[in-house]
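What follows is each chain in one-letter form.
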Amino acid sequence: MSRILTCFIVLISLLSCSDSEQPSHNNQLTQDSIPKLIMQVQKSAKLYTAEIKVHKIITHDDDLKIKGSILQQDFDIPLPLGSRKVAIPMDATVKAYIDFSEFSEKNVKRDGEKIEIILPDPQVELTSTRINHDDVKKHVPLLRSNFSDKELADYSLQGRKAIVNDIPKMGVVKMAQESATRMLVPMLQQMGYEESNITITFRKDFTSKDVLSIIKINIEGK
């Protein structure tokens, strides 16, 4: 009886030692998951994070003037022929995305049970602009010439530039970060990380000037 009891105690001791020496399942997951994570994220390639529809009315009005100089005195005299006015409705599509094709170990920082994903810089494209010519409104006095096609094209180009300048105000960088977070957090949770230990960020805070520098105009026939 004593021999059986002794063997049982020895068996319990061995099991206890085995459990204490084996790393936790969660720690094993976090150690081994980084290469798998990188491979899965790279497969995402371009993650389109936002698509914004923009409607803008481009307006222009002008008076006919005589400009010149007499005896070194400049003059600018409006002629009483009336003011031309035009309103051009423009629809545009802005898309933001993150390109994960070059995602690597440089984008991952791990500290124990905590992990930080540093996202590649967001990319922004103006992918389309369209003018509804049926809704263009013009007011041209009888004694004034109509707007030429070149003038209307120039005003449309100014409208496109105005839309591009407004893009930093649309919050596309924040949208990109939120969308990437929705994709990455569940992936990391499946690999053993607690949501409270996951941080998704960019390498820096993007200013309006930074956003303007990454905007691409990708419009066919532009």
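Reading guide: rules and limits
- Residues numbered from 1 in each chain as written.
- Predicted model: local features only at pLDDT ≥ 70, side-chain atom pairs only at ≥ 80, totals over all residues.
- Heavy atoms only, no water.
- Salt bridge = Lys/Arg side-chain N within 4 Å of Asp/Glu carboxyl O.
- Helix = DSSP H or I, 4+ residues; strand = E, 2+ residues; numbered from the N terminus.
- Buried < 20%, exposed > 50% of the residue type's maximum accessible area, 1.4 Å probe, protein only.
- Contact = heavy atoms within 4.5 Å.
- Pairing = 2+ DSSP bridges.

## Points about the pattern of salt bridges
Turning to step 1, where the next piece is worked out: Per the stated rule, a full pass over the model turns up nine salt bridges.
Turning to step 2, where the next piece is worked out: When the shortest N-O distance is used, the salt bridge between Asp-121 and Arg-203 registers 2.8 Å. One end of the pair, Asp-121, is in the loop between β4 (114-119) and β5 (122-131); the other, Arg-203, is in the loop between β7 (198-202) and α5 (208-214), and 82 residues separate them in sequence.
Turning to step 3, where the next piece is worked out: Look at Asp-121 and you get partly exposed, because its relative accessible area is 22%.
Turning to step 4, where the next piece is worked out: For Arg-203, a relative accessible area of 54% puts it in the exposed group.
Turning to step 5, where the next piece is worked out: Notably, a salt bridge pairs Asp-154 with Lys-150, separated by 3.1 Å at the nearest N-O pair. Highlighted residues: Asp-154 and Lys-150, both in helix α3 (residues 149-166), separated by four residues, approximately one helical turn.

## Some thoughts on the side chain of Asn-197
Turning to step 1, where the next piece is worked out: The topology assignment puts Asn-197 in the loop between α4 (172-190) and β7.
Turning to step 2, where the next piece is worked out: Asn-197 gets classed as buried once you look at its relative accessible area, which sits at 13%.
Turning to step 3, where the next piece is worked out: In this structure Asn-197 touches Glu-113, Lys-114 and Ile-115, once residues within four positions along its chain are discounted.

## Focus on the pairing of β4
Turning to step 1, where the next piece is worked out: Where strand β3 (residues 108-111) lies against β4, four bridges are found, and the strand directions are antiparallel. In the strand pairing of β4, Lys-109 is matched with Glu-116.

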